[in-house]
Amino acid sequence: MTEQRTATVVVEWQGELLGAVGPFAAKTPHWAQVGEVAAVASRAAGVPLAVLRLLAVTGGEGGRGGEVVYLAVASERPTGALAAVPGPGGDGGHPLRLRWASADGLAAEWAWADGELAALGRPRGGPVEQVRSWNLSALSRFPTADGPVWLKSTPPFAVPEAAVIARAGRADPGLVPRVLAADGRRVLLADVPGVDCWGVPEDGMLAVVDRWAAVQAAVAADGPDGLADCSPAALAERFPALLERLRPELSAVEYAQGRELAATLPELAARLDRCGLPSTLVHGDFHPGNWRFDGERPTVLDFSDAAWGHPALDGLRPAPFLSPERWADVRSRWVAAWRALAPGSRPEEALELAAPLVHVHFALRYQEFLDGIEPSEHPYHAGDPAAEVRRALRKALFPLSGSEPLGAGRELYRALMWMGDTGTAAVLDAWAAQVLPGYPERLAAAASYDAFGAQSAEEQDRLECELYALSRTADVLALEFQPPHGDGPVRDRVRLGLDLAGYRAFFTRLGMAEVGAADGFDPFLHEIAELVPAEDPDAPIELLDVLWPGFMFGELLFARAGVRVRAGARVAEPGWADASPVYWAFRRRGRRPVDLSHGWGSNSQWSTGLRMDFRTADGDRLNVVRTPERLSDHHGGTGLTRAEAEELLRHRCLLRRPAGLPELVADSQEAADFWPFHWTLPEPGACVGGCQGHQAY
C-alpha cells in the first residue's frame, strides 16, 4: 500500500453532477483530511467547493493513501474546466447518510453555527475552512474578530460532547475546551492554542495523565448518567455475539481462540473489578493526538467516544502511539496517579488484566461505526473489528510481551499450554509479532561468556530465568520428534503438532543458530535420544542421525539437538544412555526429566534459570553458576566416581550403570537424585558459597 493519496473531486451544483477536478496529489495521506482537497479543487473549479463525502477509493487502506474520489458541492456554477465524472455518480440518498454529507445538510450545519456566532456577538469574518470530514465527525474553522471558532458535528452513534465536556469540566475546568454553543451532536468550541501531543515530546504534556485520572476519580460517584455501559462485565457479555458476526473474517484458529477468550472474559472482568479502581467516565480514545499542549497546560479533546467503564481503558490507550520509553513514562504516571487516588488499589495489575479488554472494546466500537454509516464509507473501518479481535487474542495470550523487558518466554509457554494443539504455528507467529525485533536484543548480554559475566547478579538472574522460560517452549515443541525408549511407556503425551521446519524457523527467527550433526557426536551439542548397540563393546559414540535440532545463541548453548547414536555397551549402555533421567530438562516424551522447577508453585517455578553453557575461543564453560562446587570435592557423596560424575555433567545423564551402585535402576527416582546442579567445568579452585561436607573420592 502506498501512503500517497491522489484525489479526484466530483462537483455537484444544485443537485446536478457537472464533472470532476483532478486527480491531483495531496500532501497528506489521510482521507478524512479534506481541507487541502477542498482548497485545490476550489481553485481548479474557479468557485468555492465544500467536500461532502467519500465516493470511492482504490488502493488505500486504513483511511490512508490510494486513489480517492470525493463528492463536493459548489457554491455557484463552476467556471473552470471539469473532466468527465469518473466511476460512481449521484444517488438517491441513503438512510444512514450523515447530515454534513449532503449539500443541504452541510448548509444547515454552517447556518446553525453562523446563527450562534451572531448571537454571541462574534459573527463570522471570512469563508468557512473545512479541516476534516468523514463518518465520525465534520470539523470546520470559522474565523471571527476574536479568533477562530470550531464547529464539530458528530453522528448519531457518537456521544453529545457538550454534556461530557461539562461533566469533566466541573472537576477540572482547565482540562477541557470551552463550549460556546451546543445543539445535540453539534457543538461550537473556542480555539485551543498549542500543539497536538503526538509522541509526547515534552514532559509538561505528561500532566494530562494525572489530571484526567483525577477527573475520573471525582466523577465516579455520579454514575453513568446516560453513558453507554462499557464496563468489563458488559464488554464480556457483548463479545460472543460480535465474535459470531466476525466469524467469516477470522481463520478457524482465530475463531477457536476467540471462543476461548470469550469464555475467560467474565472471570477476567471480575478480577479487574477486584483491583480496586472505580467504574467511571472514560474518554474512549485517550491517545496523545487528542491531547493539546500550549507549553504550560494540557487540554483534552474529542469526547465523542466517551462511555462508562474501567479507567484502565483510557490508561492503556496511549501505548500504541508511543515509543516503549515514553510509554513507560506515561504508564508510571498513570499508576502513581491511581495509587494516590484510590489507596489500596492495584493499578499495575489492572493494566495487565485490561489489555485484551481494551481491544474487545474497540472491536465492538468499530462494529458500531460500520453499522451506523452508509456502505460508501465502509472503507474507513472495513476489517477493523476483526483486527481488534486479533489484537485482543494476542494480548490475552501475551499481555506483557513486547512491553516489558522480560517475561515474554513465560507467556509464550503458558499460551501454548492454554491453546493445546489448536494453531501452534499461529500462537508462535502472534508471539513473535509482539516481541520482535527487540527481544533478541534484550537477551544479548547472555550470548557471550564475557558479557554475561560482566552483568550484575540481578541481571544475570533475569536473563537466566527468561532463557529458561523460553527453553520450556523448546522442550514442549520437541516432544513431537522424540521417541519413547524401546517398548517403554510414553511419559509425556502432549503433542503440539509443529513440524521440524516450523521448529527450526521459530528459533532461528529469534536470532539463534541451528545445531545439527556438527562434526560428529558432541555431548555439549547433542542429547542421546536413541541408542543403537555396536558389536564392539568399546566402540565410541558415533552420531547416526539428528532427530531434532538444537540451537546456539552466540556462545551460549540454548538447547541441545536430539540424536540417534551407535556405541559399545561399555561406553554407552542401552537403557541408561538413552533412558536414564535427563537433568536440566523440563519435559521429555520417553524418559524422566529432572528440572529445578519441578515441585514448585505456579509462580516460584519461574525463578528457575537456564543451565548456562558457553562455547568460547578458550574452551567450553559448563554450567556457569555464581556458587560453583568442585566436582572433585562433591561427587563422593553421590556414589559416583569422579569420571562418572563428570560424564553426568557433560551428558546431563548417566551413560552406564554406576560401578559403585549395582542395584540402581535406570528409570528410578534414585537415579534422579544426584543433584549435579552446582557442579561446573572447568572446576573452580575452591567451592564458592561456604559449602560444607566435602566428600572427595
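Structure: above.
Just so you know, these numbers come straight off a predicted model, no measurement behind them. (Residues numbered from 1 in each chain as written. Predicted model: local features only at pLDDT ≥ 70, side-chain atom pairs only at ≥ 80, totals over all residues. Heavy atoms only, no water.)

Digging into the sheet that holds strand S25 (residues 619-621)
Definition in use: Strands qualify as paired when DSSP identifies two bridges or more between them. Strands are runs of DSSP state E lasting at least two residues, helices are runs of H or I lasting at least four, and both sets are numbered from the N terminus onward. Orientation is described by lines fitted to C-alpha atoms, with helices fitted over the stretch in contact, and by angles between N-to-C directions that extend from 0 to 180 degrees. Residue contacts are counted whenever heavy atoms from the two residues lie within 4.5 Å of one another.
Strands sit in the order S16-S19-S20-S24-S25 across an open sheet of five strands; the sheet is antiparallel. The sheet is open, and its two edges are formed by strand S16 (513-515) and S25, each paired on a single side. Here the strands of the sheet are splayed against their neighbours by 35 degrees on average, with no regard to which way each runs. Pairing between strand S20 (residues 556-559) and strand S24 (residues 613-616): two bridges, direction antiparallel. For Leu557, the partnering residue across the bridge sits in S24 and is Asp613. Contacting S16, strand S19 (550-553) and S20, helix H16 (residues 500-509) runs over the sheet at an angle of about 5 degrees to S19.

Looking at the sheet that holds strand S10 (residues 195-196)
The strand order across the open sheet built from three strands is S10-S13-S14, with neighbouring strands paired in antiparallel fashion. Edge positions in the sheet fall to S10 and strand S14 (298-300), since each has one partner strand and no second. Across three bridges, strand S13 (residues 291-293) lies against S14 in antiparallel orientation. Considered in S14, the bridge of Phe293 is made with Pro298. Here helix H4 (residues 207-219) sits on the sheet in contact with S13 and S14, set at roughly 50 degrees to S14.

So, the environment of Leu412
The cut-off we apply is this: Only protein chains enter the accessibility calculation, which uses a 1.4 Å probe. A residue is then buried if its area is under 20% of the maximum for its type, exposed if over 50%, and partly exposed in between.
The topology assignment puts Leu412 in helix H11 (residues 408-419). Overall, the relative accessible area of 0% leaves Leu412 in the buried class. Between the C-alpha atoms of Leu412 and Leu498, which are 86 residues apart in sequence, the distance is 15 Å. Leaving out residues up to four positions away in the same chain, Leu412 has contacts with Phe398, Val427, Leu428, Trp431, Leu470, Thr473 and Phe506.

Regarding the side chain of Lys395
Inspection of the secondary structure puts Lys395 in helix H10 (residues 384-397). Setting aside anything within four residues of it in sequence, one finds Lys395 in contact with Ala355, Pro356, His359 and Gln434.

What about the nonpolar core?
General note: in soluble globular proteins, nonpolar side chains tend to be found buried as a group. Rules: Among buried residues, the Ala, Val, Leu, Ile, Met, Phe, Trp, Tyr and Cys ones that are joined through side-chain atoms within 4.5 Å form a nonpolar core.
Core analysis: the largest hydrophobic core is formed by 79 residues, its most contacted members being Trp212, Phe239, Leu265, Leu281, Trp334 and Val389. Among the elements that line this core, the one with the most residues is helix H9 (residues 347-371), at 12 residues. Counting 50 residues, the second-largest nonpolar core is a separate cluster that includes Ala430, Val476, Leu498 and Met612.

Concerning the side chain of Arg591
Convention followed: Asp and Glu count as negative and Lys and Arg as positive, but His and the ends of the chain are not part of the count. Within this document, salt bridges are pairs made up of a side-chain nitrogen of Lys or Arg and a carboxyl oxygen of Asp or Glu, the two lying within 4 Å of each other. Each polar contact in these results corresponds to two N or O atoms within 3.5 Å; when the atoms are within protein, one needs to be able to donate a hydrogen and the other to accept it, and residues that are neighboring in sequence are counted only if both atoms are side-chain atoms.
Mapped onto the elements, Arg591 comes out in the loop between strand S22 (582-583) and strand S23 (593-594). Here Arg591 sits buried without a salt bridge, and the closest side chain of opposite charge, Glu527, lies 4.5 Å off (N-O distance). Among the polar contacts listed, one links the side chain of Arg591 to the backbone oxygen of Ile528, at a separation of 2.8 Å. Contacts of Arg591, omitting those with residues within four sequence positions, involve Arg491, Glu527, Ile528, Trp576, Ala577, Asp578, Ala579, Ser580, Val582 and Cys653.

Remarks on the packing of aromatic side chains
Rule in force here: Two aromatic rings from Phe, Tyr or Trp, using only the six-membered ring of Trp, form a pair when their centres are within 6.5 Å; if the ring planes differ by under 30 degrees the pair is stacked, by over 60 it is edge-to-face, and anything between is tilted. Two conditions define a charge sitting above a ring: the NZ of Lys or the CZ of Arg must be within 6 Å of the ring centre, and it must be within 35 degrees of the ring normal.
Taken as a whole and judged by the stated rule, the model has 26 aromatic pairs. On the numbers, 5.6 Å between centres and 65 degrees between planes, the contact of Tyr449 with Phe614 is edge-to-face. Of the two residues, Tyr449 sits in helix H14 (residues 449-453) while Phe614 sits in strand S24, which places them 165 residues apart along the sequence. Grouping aromatic residues by their ring pairs yields a cluster made of Trp431, Tyr439, Phe481, Tyr503, Phe506, Phe507, Phe551 and Phe558. The ring of Phe586 has Arg472 lying over it, and the distance from NZ or CZ to the ring centre is 3.7 Å. Its end group placed over the ring of Trp584, Arg611 keeps NZ or CZ at 4.3 Å from the ring centre.

Details of the pattern of salt bridges
Counted under the stated rule, the structure contains 50 salt bridges. A salt bridge links Glu129 to Arg141; the nearest nitrogen and oxygen atoms lie 2.6 Å apart. Remark: Arg141 occurs in strand S6 (residues 138-142) and Glu129 occurs in strand S5 (residues 129-133); sequence separation between them is 12 residues. Taking the relative accessible area as the measure of exposure, Glu129 reaches 40% and is therefore partly exposed. Across the pair Arg326 and Asp329 runs a salt bridge whose closest N-O atoms are separated by 2.9 Å. Residue Arg326 and its partner Asp329 are both found in helix H8 (residues 324-341); the two are separated by three residues, about one turn of the helix. Assessed through its relative accessible area of 33%, Asp329 is described here as partly exposed. Here the salt bridges share partners, and the residues they tie into one network are Arg99, Glu109, Asp183 and Arg186.

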